[in-house]
Amino acid sequence: MMLICVGLSHRQAPIAVRERVAVAPEQIESRLRELKALPGVREAMLLSTCNRVEIFAVAESRGAGDDLLQGLGPVAAQHAARRFEEEALRHLFRVAASLDSMVVGEAQILGQVKEAAAQAQQAGTLGPELSRALARATSAARRVRTETEIARGALSVSSVAVKLAHKLLGNLEERSVLLLGAGEMAQLAARELRSEGARELLVVNRTPQAAEELAREIGGVPSSLAELPALLERVDVAICSTAAAQAVVTRKMMVQAAKARRYRPIFLVDLTLPRNVEPTANELENVYVYDLDDLERVAAQNRDLRAAQVGRAEEIVEQELQAYLAQSRERTAVPVLARLRAHADSVARAEVERTLAALQGLDEKQQKTVQAMATAIVNKLLHAPTSRLRAEAGEGPLADAVAALFALEGEPPQPQKEAGQKSESAEEGTVLPLLRRS
Amino acid sequence: MATILVHIALLAYASGAAAFLTWLVRPDGRLARAGRLLLLAGVVVHFAAFGVSLGIAGAGLGLSAWKGGQLFSLLAAVTVAGYLVLDFRYELPVAGAFVAPLTVAVMVPAHLVASSERAIAPQVSHSLLLFVHVGAAALGTAVLALAFGLAVLYLASEKQVKSKRPGRLLARLPSLELIDHAGYRLAVWGFVFLSLAIATGSLVSREATGATFPFAPKQGFAILAWALFASLIQARLVAGWRGRRVAFLVVAGFVLLIGTYVGLLSAAPVLQGTAA
């Protein structure tokens, strides 16, 4: 059994290809059932987002990879990447941790991975192997988010403005926002602020008609330019993007506004060139002015910060991956141990029965003593081999050697019933290992 | 026994401080949680130490056997308790990174440096008024220490916003509005406790020495601090002051309050009275 990942992402294919390959949400379950019906495929999960269409599957051989790829259509095959075993697992971990995202550190991908897992569960194509791998990948992603700053800071000018508004004013509910002008970036920022719960969105433009039209479009209230000084006394955030050749919001205007505001802070976001807000207004107490350059500089800082955190995030992913692989390998070793234990127990049991039959007249206590002696001999003999096999995690030559020496191949493990004897769990004895190093 | 408990508390505070300071460098939520739990454990053990200490001191309120350092130890414990309440309300691990090391810095000299017992006039040593005075002073100082911490954090983070260089500190803090609001509320509560401490202190002083307001650095600083906090509250309510100017006033007020304790240690204690 091996993990296979086939598909394409923004790294392999442009958006024109990705949109042709993308699977609509309502088709995912049926597509998953088709994938699981392919020869040798045991489990399957399909991750289809704006930036990637990838299938993660557990299959009996590498050959299933091509069949799985066919499931994505002929266009995908030309661009797709195929990953197997450890490489596929590493890819899953990196995707969940947002290290393979177009915007590294973005938060949506982890939710999308979980959603894909839920869809596979719903379709009945998610088995123990993929579940275990997904659980560990999710845990690694959470560690990356809490232990690094990879997700810190907004990256676009409009989202930096919204973040700063939060930092200054806290909860934006019950806050009032002024949109001065009709620049696209300003509209975007205003919409974001509105979606964050801003109570009121006031729209001012050169002409009342333009203001009314824009207000209707973005769900605001139109107001006239003549009211600007009064509005600056009222609002908490003002986003400016007029085409005026000189400052529309002057320092003098803000001095007047600040007096009326009684020290309430105001955040002025200037998103145009030439600038709409006189920069010296930032010197006034509780008045904060950010222009395009300022916002872009913060965004660039955040990008640098994220980039600086990638190394640490990769380390965490690798740690989690290696821990998962070690567990997988230990699971691989368990069947040999279980068989060895079952073989030894059955030999001991048979010898005890023969001895007890030969020694007639032993009382119950004496019979138990003989049984305990046999058990103790088995335990002592198996202690060192068990430790070595566990330490080797089934990866070295010992597992095969033990199987050959004791003729354990194909011998199913017997359940342990003797008191005081350790037994391997039924699950460990039967679970197929996700990965086995070749 | 009390000493062992105090040392355990100190160890918990120091570990909490280490957890919070590490959190500043590596913002792992588990570190902040560990810091909170360690401070909580420390403060519980610390108050238990006070309980044991008072029990040993004998009947009544037992303040007569207190050493000078124990007052600072009490201040540290109340400050940590206040921080935990604040953190529960506003979730402010950054303040923890400020409070926990400060607590250790206060606790170490308070307990490791030998200090003489305070000689307290016998007529007030078991007085309820003295107990209320010390309690209110400790609570007021602790609350104002927290307000001071928030004011410093506000000034530092506001500077980052104003200079358009938002950094790690700002990223780890809640909004400036919330810090300002929380700091002001603490200042109001600190003012209330300080008023109570001054009022009861004057009554205790009259009992011990006959003078309601003896002229001494301790009383002088206390009155100045009280007047400054009163002005701050007035300015906020009437003129709407907030932000930087309120933060500066809180810092100045707390510095004056520290002067009260310097006065307490450096000058002959007023409460010594006839027992001196």
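What counts as what
- Residues numbered from 1 in each chain as written.
- Chains lettered and ligands numbered in written order.
- Predicted model: local features only at pLDDT ≥ 70, side-chain atom pairs only at ≥ 80, totals over all residues.
- Heavy atoms only, no water.
- Core = buried A, V, L, I, M, F, W, Y, C linked by side-chain atoms within 4.5 Å.
- Buried < 20%, exposed > 50% of the residue type's maximum accessible area, 1.4 Å probe, protein only.
- Contact = heavy atoms within 4.5 Å.
- Patch = residues over 30% accessible without salt bridge, like charges linked within 9 Å, V, L, I, M, F, W, Y side chains within 5 Å.
- Areas by Shrake-Rupley, 256 points an atom, 1.4 Å probe, with all protein chains shown as cover.
- Salt bridge = Lys/Arg side-chain N within 4 Å of Asp/Glu carboxyl O.
- Helix = DSSP H or I, 4+ residues; strand = E, 2+ residues; numbered from the N terminus.
- Pairing = 2+ DSSP bridges.
- Axes fitted to C-alpha atoms, helices over the stretch in contact; angles between N-to-C directions.
- Right-handed = clockwise from strand over helix to strand, strands pointing away.
- Phe/Tyr/Trp six-rings, centres within 6.5 Å; stacked < 30°, edge-to-face > 60°.
- Parallel < 35°, antiparallel > 145°, perpendicular 65-115°, else oblique.
- Left-handed = near helix turned anticlockwise from the far one by under 90°.
- Nonpolar A, V, L, I, M, F, W, Y, C, P; charged D, E, K, R; others polar.
- Buried area = accessible area lost by both parts, 1.4 Å probe.
- Polar contact = N/O pair within 3.5 Å; in protein donor to acceptor, adjacent residues only side chain to side chain.
- Expected span 1.5 Å × (residues − 1).

Draft legend 1. Representation of the nonpolar core in the model. Core analysis: the biggest nonpolar cluster contains 110 residues, and A:V237, A:I239, A:F267, A:L295, B:Y13 and B:L150 have the highest contact counts within it. Setting aside residues no more than four positions away along its own chain, B:L150 makes contact with B:L86, B:L92, B:A95, B:I179, B:A182, B:G183 and B:L186. Ranked by size, the runner-up nonpolar core spans 62 residues in total, among them A:C5, A:L130, A:A137 and A:Y324.

Draft legend 2. A nonpolar patch on the surface, seen in detail. Residue and element names in this part refer to chain B. A contiguous nonpolar patch, built from L128, F131, V132 and L196 and spanning about 340 Å² of accessible area, is present on the exposed surface. When residues in the nonpolar patch are grouped by element, the largest group, 3 residues, is from helix α5 (residues 128-162). Tracing the backbone shows F131 in helix α5.

Draft legend 3. Main features of the sheet that holds strand β3 (residues 52-59) of chain A. Residue and element names in this part refer to chain A. With respect to topology, 4 strands assemble into an open sheet ordered β2-β3-β1-β4, the strand pairing being antiparallel. Edge positions in the sheet fall to β2 (41-48) and β4 (81-84), since each of these pairs with one other strand and no more. The sheet shows a mean angle of 15° between the axes of neighbouring strands, direction not considered. Sheet analysis places strand β1 (residues 2-9) next to β4, joined by 4 bridges and oriented antiparallel. Along β4, the bridge assignment pairs V6 with R82.

Draft legend 4. Representation of the pairing of strand β8 (residues 237-241) of chain A. Residue and element names in this part refer to chain A. Among the 5 residues that make up β8, 5 are buried, leaving the element largely enclosed by the rest of the structure. Where burial is concerned, the two faces of β8 agree: the one with V237, I239 and S241 and the one with A238 and C240 are both buried. Pairing between strand β5 (residues 176-181) and β8: 5 bridges, direction parallel. Paired with V177 across the bridge in β8 is V237. One ladder, built from 4 bridges, connects β8 with strand β9 (residues 266-270); its direction is parallel. Note that in β9 the partner of C240 across the bridge is D270. In this region the chain leaves β8, passes through helix α12 (residues 251-261) and returns to the parallel neighbour β9; the handedness of that crossover is right-handed.

Draft legend 5. A look at the pairing of β1(A). All names here are of chain A. Of all 8 residues that make up β1, 8 are buried, and the element is covered over most of its length. Burial along β1 is two-sided: M2, I4, V6 and L8 facing one way and L3, C5, G7 and S9 facing the other are all buried. Here β1 runs beside β3; their pairing, made up of 8 bridges, is antiparallel. Its bridge partner lying in β3, S9 is registered against R52.

Draft legend 6. Representation of the packing of aromatic side chains within the structure. Counted by the stated rule, this structure contains 9 aromatic pairs over all chains. An angle of 55° between the planes, with centres 6.2 Å apart, marks the rings of A:F93 and A:Y324 as tilted. Taken as a pair, A:F93 in helix α5 (residues 85-96) and A:Y324 in helix α13 (residues 292-358) lie far apart in primary sequence, 231 residues in all. A single burial state applies to A:F93 and to A:Y324, both of which are buried. Ring geometry for A:Y263 and B:W241: centres 6.5 Å apart, planes at 70°, overall edge-to-face. In this pair, A:Y263 is assigned in the loop between α12 and β9 and B:W241 in the loop between α8 (217-239) and α9 (244-266), connecting two distinct chains.

Draft legend 7. Molecular detail of the packing of helix α6 (residues 108-123) of chain A against helix α7 (residues 128-147) of chain A. All names here are of chain A. For the pair α6 and α7, interaxial distance at closest approach is 11 Å and the crossing angle is 165°. Between α6 and α7, the angle falls in the class roughly antiparallel. Crossing geometry of α6 relative to α7 is assigned as left-handed. Of the residues in α7, those in contact with L110, V113, K114 and A117 of α6 are L134, T138, A141 and R142. Classifying every residue of the contact of α6 with α7 by side-chain character gives 5 nonpolar, 1 polar and 2 charged.

Draft legend 8. A look at the pattern of salt bridges. Overall, the coordinates contain 38 salt bridges over all chains when judged by the stated rule. Residues A:E320 and A:R136 are paired through a salt bridge, measuring 2.8 Å at the closest nitrogen-oxygen approach. On the criterion of sequence distance, the pair formed by A:E320 in helix α13 and A:R136 in helix α7 is long-range, its members being 184 residues apart. A relative accessible area of 8% means that A:E320 is categorised as buried. The exposure class of A:R136 is buried, given its relative accessible area of 19%. With a shortest N-O distance of 3.9 Å, A:D345 and A:R341 are connected by a salt bridge. Of this pair, A:D345 and A:R341 both sit in helix α13, 4 residues apart, which is roughly one turn of the helix. For the pair formed by A:D345 and A:R341, the shared burial category is buried. Linked by salt bridges that have partners in common, A:R136, A:R143, A:E147, A:R312, A:E315, A:E320 and B:R30 make up one network.

Draft legend 9. Spotlight on the interface of chain A and chain B. Contact with chain A, which involves 30 residues of that partner, is made by 31 residues of chain B. With both chains or domains summed, chain A and chain B bury close to 2500 Å², and 43% of this area falls on carbon and sulfur atoms. A per-residue breakdown of the area chain A buries against chain B is headed by A:K167, A:R262 and A:Y263, which together make up 24% of the total. Inspection of the chain A/chain B interface yields 5 salt bridges. Between B:R30 and A:E147 there is a salt bridge, and its shortest N-O distance comes to 2.3 Å. Where chain A meets chain B, there are 17 residue pairs in polar contact (both at pLDDT 80 or more). Per element, the largest residue contribution to the side of chain A that touches chain B is 6 residues, and it comes from α13(A).

Draft legend 10. Expanded view of the environment of A:A190. Residue and element names in this part refer to chain A. The residue A190 is located in helix α9 (residues 184-195) in this model. Spatially, the C-alpha atom of A190 lies 7.4 Å from that of V177, the residues being 13 residues apart in sequence. Each residue touching A190, except ones within four places of it in the same chain, is listed here: L179, L201 and I239.

Draft legend 11. Representation of the sheet that holds strand β10 (residues 287-291) of chain A. All names here are of chain A. Here 6 strands make up an open sheet; going across it, the order is β7-β6-β5-β8-β9-β10 and the pairing parallel. Two strands bound the open sheet, and with one partner strand each, they are β7 (221-223) and β10. Here the strands of the sheet are splayed against their neighbours by 20° on average, with no regard to which way each runs. The pairing of β5 with strand β6 (residues 200-204) spans 5 bridges and is parallel. Across the sheet, S176 pairs through a bridge with E200, a residue of β6.

Draft legend 12. Looking closely at α8(B). Residues and elements named next belong to chain B. Helix length check: α8 (23 residues) gives 32 Å between terminal C-alpha atoms against 33 Å at 1.5 Å per residue, within 8%. For α8, the set of buried residues is Q219, A222, A225, L228, F229, L232, I233, A235 and R236. Where α8 ends, the next residue or the one after it, G240, has phi of about 80°, a positive value.

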